[in-house]
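What follows is each chain in one-letter form.
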Amino acid sequence: MIENSMFEEEPDVVDLAKEPCLHPLEPDEVEYEPRSSRLLVRGLGEHEMDDDEEDYESSAKLLGMSFMNRSSSLQNNMSAYRQNPNGSCSVPSTRTLVVCTVAFVIAFSLIIVIYLLPKCTFTKEGCHKKNHTMELIYPLATNGKLFPWAKIRLPPDVVPLHYDLVLQPNLTTLKFTGSVKIVVNILHVTRKIVLHSSGLNITKATITSAQGQQAKPVEFLEYPLHDQIALIAPEALLAGQNYTVDMEYSSNLSDTYYGFYKISYKDENSKQRWFAATQFEPLAARSAFPCFDEPALKATFLIKIKRDEKLSTLSNMPKKATTPVTNGIVQDEFFVSLKMSTYLLAFVVADLKNISRETNGTLVSVYAIPQHLNQVGYALDTAVKLLEFYQKYFFMKYPLEKLDLVAIPDFQSGAMENWGLITFRETTLLFDNSTSSARDKKLITAVIAHELAHQWFGNLVTMEWWNDLWLNEGFATFMEYFAMEEVFPELRSDEDFLTLIFKAMIKDALNSSHPVSSSVQSSEQIEEMFDALSYIKGASLLLMLKHYLTKDVFQAGIEVYLRNHSYGTAQSDDLWDSMNEITSGTLDVKKMMKTWIVHKGFPLVTVVRKGKNISVQQEKFLYRVEPENWTSDASYLWHIPLTYITNRCNFTHCTNAYLLDQKSAVIELPEEVEWIKFNVDMNGYYVVHYAEDWKTLIDLLKKNHTALSPKDRANLINNIFNLARLGRESLEKAFELIDYLNKENSTAPLTQALFQLSFIYSLVDKKGEQQLAARVMHRIEHLLGDKMDQQHWTDDGTLSERELRSTLLAFACTHDIRNCRTTAARMFETWMESNGTVSLPSDVMKAIFAVGAKSDDGWEFLLKMYFSSVSEAEKSKMIEALASTEDARKLIWLMQNSLEGEIIRSQELSHIISTVSQSLPGYLLAWDFVKENWEKLTRKSSHFLSQNQKRVLNCIV
């Protein structure tokens, strides 16, 4: 699954509140002191500081992080221990000694009574024999009887082999009925079969042995807290035998975006139509049919769906037959699936149209509602090219006969990788030649590449449990950008990946981060794994490993991994073992990579150059450390595959490597160099501090910035501002490094610099430091104003140039820099006078709409056009512009109506709230709205509150 928060239209740096918490600070964490404010003014124009340490500390406080003075923190902690004037500890009073002694005696006596009395366990009823402790272990079912299982994970006694599932959704009553026959194999003698069910009204349950004896009724128990049901057989179920469980049930189509859910949309005649679709990852298959809803419990599936003859159905496998049932109702039967996990099962019931093309024995089809069929051509071309690439790269054919890509009119996620039936939000699949921008094209390509990669990583080979979700999502994200570089090099996807890595590191630098592979049990813990760390950090670690092993060794390791675990499951160690098969002992990949997936955060590498000797030292990079939460750096030791280039040879083929597997080391160069740059092209997941060498690199950028690649320049900008936020470098020096930007023409360093500057502006603006905010904006205009003036209001140029134009002009119009608003307002007026018939350049459309929405007439016209537009790309830009108004009544109306979902689709809610949150008044308004509607949000969003909405809440709280 791909979260829409990661692949929504990238917000440039204008949309700071849309990011996955670019400033994830609690209100009491931000310290703004006059000294810090003065420091930024100095950083903008003055150049002398009285004390370097004060400079660094103030820089850190200005950027929202407390200066980490561990010695003072420890001293404050120790203040709880009273000392006499002579320095010795005072003696406790007699009363204190007596109270402590009595408490100890009582506690010790209780321990003796509870644990040392033989054959006795105490409950509220008194002493019971050990063989009666079931009441202490097992919970109560809904009927008041004991439920025979207490753990969240299912018992290991029974495994599913095959499901026969029959469903009949009714798009008039918005309910569905179903029946399921599950063939199970008994591993250990038992009388119970425990499986998952959520919100289903089960009316019949029987069990039949493999010998074909008559079906026998079973006792049915339900424990909703764990979404579990238990079927108690009338007699023991024998190990090694197969049995068939048969159940009938009914339920409502969900009104959330989770499970088997319903949505409505308007057809080309503005008539309301209903659409039923599924979203099962991670834990919602159980809400559509009783099942063993864990990823390792794979089985085959035979799906039959009864539907109105005017509609159509899709599922994972090709359709086998359609037969009449009753008047106007037919049943579609699909071929038996391959062995797969329940969360990958999918079905759609709707009125859809499609176009198709065959490649290498697989029929690729793209489906949409009829009025959007003319927008699916680019997706089909892209899917065919990427499918062909993946089959060649993996040396493994796509195993199904068909691959469907379906645009869902109202869909909370970005997309979902159901095997053979991938579902998409319309904005991530539909491309309109008139209104889709360069960024829209890149977004669609990225999401298709991600979901197609999942057909191998996640579907063919699945993580054994959700703690290793990164094996699915990290791999799919890595392959997404790698495939785009290989198949669509003109899209420059590496620049986007770099930006995502920078943003993931912001989250990973907090003490609230988590390891890539984390122990999870509950549904809440599982859902929280779907974040930037599983996706982006996981992908970053694979990128780092690929460059260290070399691309051929890495590719061979992937091939071994896929072949060894096809149609099965895997853990992280299985991947490292596959790589070790290829390295043949020359490198212990498992030993190296375990240091990256079991530790949260990432290292800070400090580099000191003395002659030919380069001293390197690692420590944990951490923005803020509270004394009670501080973790000793001694427990963190990464095996870091360092890469570096020098002035002697600064091309990619000259990259040098060194594995830093200890706290510090010395690298001896063949000769002295003028400069050295570590982490070549940001292919490693670490930050570098150059100590005294920052001045050398600053001078290099001023004299000859092209001596370093664009990604290396962006990396330096990112690192020095992060170090300023940490308090390890001065903000003055960070500003000095970006003084060269008037000579910069590459997208990556320009957007990274604008992001960092916008971050600072956002902090001081929301603090109400208007004079200081104005100084920051003046500095931005000084650095980038000429670049903004050079942009043309057209769609000309390379995709990279077009993206940069969109970013710079959107920022300039948002902050009223130069004559941006004048030009945008004139173009909006022309468009409005033509009643929306004049074509606007798609790359600057968002900036034009945002300026137009500032007037009442413009806002009302834009809302009217939003309702009539058939282009999802255009509607996305319109809704963002509508949410950027400063009129509080309009903002409340937008948020309320997107929550209700009648006029504005609920999928837009997170987009609207995050856009509203960008300004200080909107920030407070959005927070009030969330508080007032918390129950509705949690009920409506269900699982996705912990994804898109939670991302927004983290940023506005």
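Being a predicted model, the structure only gives us computed values, none of them experimental.

Asker: Just give me the short version of the pattern of salt bridges, but keep the residues and values in it.
Answerer: Tallied over the full model, the rule gives 44 salt bridges. When the shortest N-O distance is used, the salt bridge between Lys216 and Glu235 registers 3.1 Å. Of this pair, Lys216 sits in strand S7 (residues 216-217) while Glu235 sits in strand S9 (residues 228-237), placing them 19 residues apart in sequence. A salt bridge links Arg818 to Glu781, with the nearest nitrogen and oxygen atoms 2.9 Å apart. Of this pair, Arg818 sits in the loop between helix H21 (799-814) and helix H22 (820-833) while Glu781 sits in helix H20 (residues 770-789), placing them 37 residues apart in sequence. Judged by its relative accessible area of 25%, Glu781 falls in the partly exposed class. Each member of the salt-bridge network shares a partner with another, and the members are Arg439, Lys442, Asp496 and Glu803.

Asker: Just give me the short version of a negative patch on the surface, but keep the residues and values in it.
Answerer: Where like charges cluster on the molecular surface, the negative patch consists of Glu829, Glu833, Asp857 and Glu860. Every element with two or more residues in the negative patch is listed here: H22 and helix H24 (856-868). Considering the arrangement of structural elements, one finds Glu829 in helix H22. With a relative accessible area of 38%, Glu829 lands in the partly exposed category.

Asker: Help me get a handle on the environment of Glu401, residues and values and all.
Answerer: Mapped onto the elements of the fold, Glu401 is located in the loop between helix H7 (377-394) and strand S20 (402-408). Here the alpha-carbon distance between Glu401 and Gly420, two residues 19 residues apart in the chain, equals 8.5 Å. Setting aside residues up to four positions removed in sequence, Glu401 forms contacts with Pro318, Gly361, Thr362 and Leu363.

Asker: Can you explain the UniProt feature "binding site: Zn(2+)" (unreviewed entry) in the protein chain? Please cite residues and give values.
Answerer: This chain's UniProt record puts "binding site: Zn(2+)" (unreviewed entry) on His450, His454 and Glu473. In three dimensions, the annotated residues from a span of 24 residues occupy one location, with a maximal C-alpha spread of 8.6 Å. What makes His450 buried here is its relative accessible area of 0%. Setting aside residues up to four positions removed in sequence, His450 forms contacts with Met1, Ile2, Glu473, Ala476, Thr477, Glu480 and Tyr535. As for its placement among the helices and strands, His454 is situated in helix H8 (residues 438-454). In this structure, His454 is in contact with Met1, Glu417, Asn459, Asn472, Glu473 and Ala476, ignoring residues within four places of it in sequence.

Parameters at a glance
- Residues numbered from 1 in each chain as written.
- Predicted model: local features only at pLDDT ≥ 70, side-chain atom pairs only at ≥ 80, totals over all residues.
- Heavy atoms only, no water.
- Salt bridge = Lys/Arg side-chain N within 4 Å of Asp/Glu carboxyl O.
- Helix = DSSP H or I, 4+ residues; strand = E, 2+ residues; numbered from the N terminus.
- Buried < 20%, exposed > 50% of the residue type's maximum accessible area, 1.4 Å probe, protein only.
- Patch = residues over 30% accessible without salt bridge, like charges linked within 9 Å, V, L, I, M, F, W, Y side chains within 5 Å.
- Areas by Shrake-Rupley, 256 points an atom, 1.4 Å probe, with all protein chains shown as cover.
- Lys, Arg positive; Asp, Glu negative; His and termini not counted.
- Charge placed at Lys NZ, Arg CZ, Asp CG, Glu CD.
- Contact = heavy atoms within 4.5 Å.
- UniProt positions renumbered as here; feature names shortened; annotations may be inferred.

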